[in-house]
Number of protein chains: 2
Amino acid sequence: MTIDTDLDRTPAVSDDPVEARRTQARAWFEGLRDRICAEIETLEREAPAALFPGEPATFSYKPWQRKTGAGGGVGGFLSGGRLFEKIGIHTSSANGTLTPEMAKNLPGDGVTRDYVSTSISLIMHPRSPRVPTVHMNTRFLSTSQGWFGGGADLTPMLPEQRSQDAEDAVMFHAAMKAACDAHDPAYYAKFKPWADTYFFLPHRGTARGVGGIFYDHLNSGDFERDFAFTRDVGAALLEIYPRIVRKRMVEPWTEQERAQQLACRGLYVEFNLLYDKGTMFGLQTGGNTETIMSSMPPLVSWS
Amino acid sequence: MTIDTDLDRTPAVSDDPVEARRTQARAWFEGLRDRICAEIETLEREAPAALFPGEPATFSYKPWQRKTGAGGGVGGFLSGGRLFEKIGIHTSSANGTLTPEMAKNLPGDGVTRDYVSTSISLIMHPRSPRVPTVHMNTRFLSTSQGWFGGGADLTPMLPEQRSQDAEDAVMFHAAMKAACDAHDPAYYAKFKPWADTYFFLPHRGTARGVGGIFYDHLNSGDFERDFAFTRDVGAALLEIYPRIVRKRMVEPWTEQERAQQLACRGLYVEFNLLYDKGTMFGLQTGGNTETIMSSMPPLVSWS
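Residues numbered from 1 in each chain as written. Chains lettered and ligands numbered in written order. Predicted model: local features only at pLDDT ≥ 70, side-chain atom pairs only at ≥ 80, totals over all residues. Heavy atoms only, no water.

Enquirer: It is not clear to me how the overall build of chain A should be interpreted in this structure. Could you clarify?
Expert: Looking only at helices and strands, one finds eight helices and ten strands in chain A. Relative to the globule expectation of 19 Å for 303 residues, the C-alpha radius of gyration of chain A, 19 Å, shows essentially globular dimensions. Projected onto its principal axes, the C-alpha positions of chain A cover 55 × 40 × 35 Å. Taking all 303 residues of chain A together, the buried fraction comes to 57%. Sequence separation of at least 24 residues holds for 69% of the intrachain contacts in chain A that already meet a minimum separation of 6. Roughly 12,100 Å² of accessible area belongs to chain A as shown, and the carbon and sulfur atoms make up 54% of that amount. Side-chain charges of chain A comprise 32 positive and 37 negative groups, with the mean position of each set lying 3 Å from the other. (Helix = DSSP H or I, 4+ residues; strand = E, 2+ residues; numbered from the N terminus. Rg over C-alpha atoms; globule rule 2.2 N^0.38 Å. Buried < 20%, exposed > 50% of the residue type's maximum accessible area, 1.4 Å probe, protein only. Contact = heavy atoms within 4.5 Å. Areas by Shrake-Rupley, 256 points an atom, 1.4 Å probe, with all protein chains shown as cover. Lys, Arg positive; Asp, Glu negative; His and termini not counted. Charge placed at Lys NZ, Arg CZ, Asp CG, Glu CD.)

Here's what the structure looks like:
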């Protein structure tokens, strides 16, 4: 797959250290996307036919370019699959200009409005209410300073799965803790509560799911170190989520559980549109509406 | 129905002119709610059985009180009806305190943070994709100044209904124009484009529906005059919407039209959570989440 954006005119190795770092991060994000998509397509084929009739789905990819500023990305879409009702997995990279207000609120000197960014983001909506939804987003962003940010969190749909000591939650948290611990013993104690705080809906008085980790403005002064951690978050997701899916995809479900899933998906919609920083950033900086909104669940109910 | 809120301890006639005005407006909003609910329950019974099987639904009412400040309201809910899949119709009244930032952004001296408010709001989601969704919200709000605001707009769900010269749009606009013209020949020319601007989703580059009217900070210096106009907006809605519903509820629909409706409802969700001032105001001032979120459609799809 060739990514047809303005950024491809940027030489692969740049004398500008920020560009060189962005190129490195971008290559990782795009490679991770390819590995995740391949694994999902395997799961689509593996899912038991008795529960998931029909043909396995594959991803389609749609390159797009920013209308303002240079850059763009590739939207990866899967819809109407056997196991997965809808998935959006996107990589994007940009050179852009922040509004003065955004520049003030982001790390850096508060004056520099030019930024470069590169990111991966994904949301997967399984068809079975017994298979949890997952989200991951990691990014490198640089104004007069560069930093990593992102996170990964799990959203099980059934009441009995939505506690910290439910089996899937325990597995997911353990995987994220291992990724953290390999880099800094203090990370998990900081990034796990950060996710609990971030993925919370004050107006509902409830969390979106069971959490995971969340971090932002990660700049230890050592790019390689921060980049290695961000790589391991992606690798942990690629390992743990398919493991949870394989365990749950053999379980039949009831109509009532399907109804609970459709209602629970509403929390996802409300979070993304009311609170999510990535959605805001994307919509405010001329991101691609189709990819941003592809995080929305395929079917949702509000009773 | 008795409304069980702190406000009921307020004497019906107050020496405070602001309280007296609020009491007047509140009585009108609550009476309008009762008339609209009665008309909807009539429509529920009238809808043709061949297209709308099952029992006619009636409203249930749920009083609530504000957790912060005095006041509360009554949520009117109808769900799983024959003709109407879901309706939320709410009256609410409060004495509260604005955040300093809100006080600065609202009419008044910019310093007074105490406010009183009273309002009606409704959103109706019909089951048939051929029957348009409708929204109305009007309110009286007073800081160191008092004013009316609100609007009514129509959201037809099928592509051929979503133009300014479609039959339902023409009928709806004519009714709103008549309400405006009875009070000020300049109103419609101002309030119609205001709705077109307000009910627009920049990230989608499209309007939520076919519009209607929208106004805010209406303070001509003559409370009676502004109140009379706000009453006529409500009366116009009560006249025109059932007329459109009766015309459309005899039309059968296809699976494809139902799918178009579910997708079109996504615009409603995106608008309410990303842009709607009423939703923001409610969530920021300790409003009732259940009533605020009852505007959400019963079933929505994002492909």
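From this point on, the discussion continues.
Enquirer: I tried to follow the pattern of salt bridges on my own but got confused; where do I start?
Expert: For the structure on display, the rule yields 46 salt bridges over all chains. R246 of chain A serves as the salt-bridge partner of E39 of chain A, at 3.0 Å between the closest nitrogen and oxygen. Residue E39 of chain A is located in helix α1 (residues 17-46), and its partner R246 of chain A is located in helix α5 (residues 223-248); the two are separated by 207 residues in the primary sequence. We note a salt bridge from K247 of chain B to D168 of chain B, for which the minimum N-O separation is 2.6 Å. On the criterion of sequence distance, the pair formed by K247 of chain B in helix α5 (residues 223-248) and D168 of chain B in helix α3 (residues 167-181) is long-range, its members being 79 residues apart. (Salt bridge = Lys/Arg side-chain N within 4 Å of Asp/Glu carboxyl O.)

Enquirer: Looking at this model, I keep getting lost on the relation of the copies chain B and chain A. Mind explaining?
Expert: For these two chain copies, the linking operation is a rotation about an axis paired with a shift along it. Once chain B is rotated about the relating axis by 180° and shifted along it by 0.0 Å, it coincides with chain A to within an RMSD of 0.0 Å. Given the turn and translation reported, the copies of this chain are related as if by a two-fold rotation axis. A share of 100% of the interface residues of chain B reappears at the interface of chain A, consistent with the copies meeting face to face through the same patch. (Least-squares fit on C-alpha atoms with pLDDT ≥ 70 in both.)

Enquirer: Hey, could you run me through the side chain of Q261 of chain B in this one?
Expert: If you trace the backbone, Q261 of chain B turns up in helix α6 (residues 255-274). Residues within four places of Q261 of chain B in sequence aside, it is in contact with P126, R127, S128, P129 and M157 of chain B.

Enquirer: Quick question: what am I supposed to make of the environment of Q260 of chain B here?
Expert: Residues and elements named next belong to chain B. Residue placement: Q260 occurs in helix α6. For the pair formed by Q260 and L158, sequence separation is 102 residues and the distance between their alpha carbons is 6.5 Å. Discounting chain neighbours no more than four positions away, the residues touching Q260 are M157, L158 and P159.

Enquirer: Can you help me understand unusual backbone geometry in this one?
Expert: When glycine is set aside, most residues are seen to have a negative phi, and most peptide bonds are trans. The residue H217 of chain A is not glycine, and still its phi comes out positive at about 55°. Topologically, H217 of chain A is positioned in strand β9 (residues 211-218).

Enquirer: What is the right way to look at the sheet that holds strand β3 (residues 84-97) of chain A in this model?
Expert: Strands in a sheet are paired, the pairing made by backbone hydrogen bonds, and the direction either parallel or antiparallel. All names here are of chain A. Spatially, β1-β2-β3-β4-β5-β6-β9 is the arrangement adopted by the seven strands of the open sheet, whose pairing is antiparallel. Sheet topology places β1 (60-65) and β9 at the edges, where each strand pairs with a single neighbour. When strand polarity is set aside, the average angle formed by the axes of neighbouring strands in this sheet is 10°. On the sheet, helix α6 (residues 255-274) packs against β3, β4 (114-126), β5 (133-142) and β6 (146-155) and is oriented at approximately 170° with respect to β4. (Pairing = 2+ DSSP bridges. Axes fitted to C-alpha atoms, helices over the stretch in contact; angles between N-to-C directions.)

Enquirer: Any chance you could explain helix α1 (residues 17-46) of chain B here in plain terms?
Expert: Along an α-helix, residues three or four apart share an orientation, since each turn contains 3.6 residues. Here α1 of chain B spans 44 Å end to end across 30 residues, near enough to the 44 Å set by a 1.5 Å rise per residue. By the N-cap criterion, in which a side-chain oxygen at the helix start approaches the backbone nitrogen of a residue two or three places on, α1 of chain B is capped by D16 of chain B, the distance to V18 of chain B being 2.9 Å. (Expected span 1.5 Å × (residues − 1). Polar contact = N/O pair within 3.5 Å; in protein donor to acceptor, adjacent residues only side chain to side chain.)

Enquirer: Sorry if this is basic, but what is going on with the interface of chain B and chain A here?
Expert: The accessible area lost on association of the parts is a frequent measure of interface size. Counting residues at the interface gives 19 residues for chain B and 19 residues for chain A. Buried surface at the junction of chain B and chain A, both sides included, amounts to about 1,700 Å², of which 71% is carbon and sulfur. If you look at where chain B meets chain A, you find zero salt bridges. Secondary structure elements with two or more residues in the side of chain B that touches chain A: α6, α8 (289-293) and β10 (299-301) of chain B. The element best represented in the side of chain B that touches chain A is α6 of chain B, accounting for five residues. In this structure, strand β10 (residues 299-301) of chain A lies alongside β10 of chain B, joined through three bridges in antiparallel fashion. Considered in β10 of chain B, the bridge of L299 of chain A is made with S301 of chain B. (Buried area = accessible area lost by both parts, 1.4 Å probe.)

Enquirer: Explain the packing of aromatic side chains to me, please; I cannot follow it from the model alone.
Expert: Aromatic ring pairs: the centre-centre distance and the angle between the two ring planes describe each pair. Counted by the stated rule, this structure contains 40 aromatic pairs over all chains. A centroid spacing of 5.4 Å and a plane angle of 80° characterise the contact between Y198 of chain B and F271 of chain B, whose relative ring orientation is edge-to-face. On the criterion of sequence distance, the pair formed by Y198 of chain B in helix α4 (residues 187-198) and F271 of chain B in helix α6 is long-range, its members being 73 residues apart. Pairwise contacts between aromatic rings join Y187, F191, W194, Y198, F199, F214, Y215, F229, F271 and Y275 of chain A into one cluster. Taking the ring centre of F227 of chain A as reference, the NZ or CZ of R231 of chain A above it sits at 4.5 Å. (Phe/Tyr/Trp six-rings, centres within 6.5 Å; stacked < 30°, edge-to-face > 60°. Lys NZ or Arg CZ within 6 Å of the ring centre and 35° of its normal.)

Enquirer: What is the right way to look at the packing of helix α3 (residues 167-181) of chain A against α5 of chain A in this model?
Expert: Between two packed helices, what matters for the description is the angle formed by their axes and the separation of those axes. All names here are of chain A. Viewed as axis vectors pointing N to C, α3 and α5 meet at an angle of 160°, and their least axial separation amounts to 9 Å. Taken together, the axes of α3 and α5 are roughly antiparallel relative to one another. α3 and α5 meet at a crossing whose hand is right-handed. Facing α3, whose interface residues are E167, D168, M171, F172, A175, M176, A179 and C180, α5 presents F229, D232, V233, A236, L237, I240, R243, I244, K247 and R248. Taken together, the residues of the contact of α3 with α5 sort by class into twelve nonpolar, no polar and six charged. (Parallel < 35°, antiparallel > 145°, perpendicular 65-115°, else oblique. Left-handed = near helix turned anticlockwise from the far one by under 90°. Nonpolar A, V, L, I, M, F, W, Y, C, P; charged D, E, K, R; others polar.)

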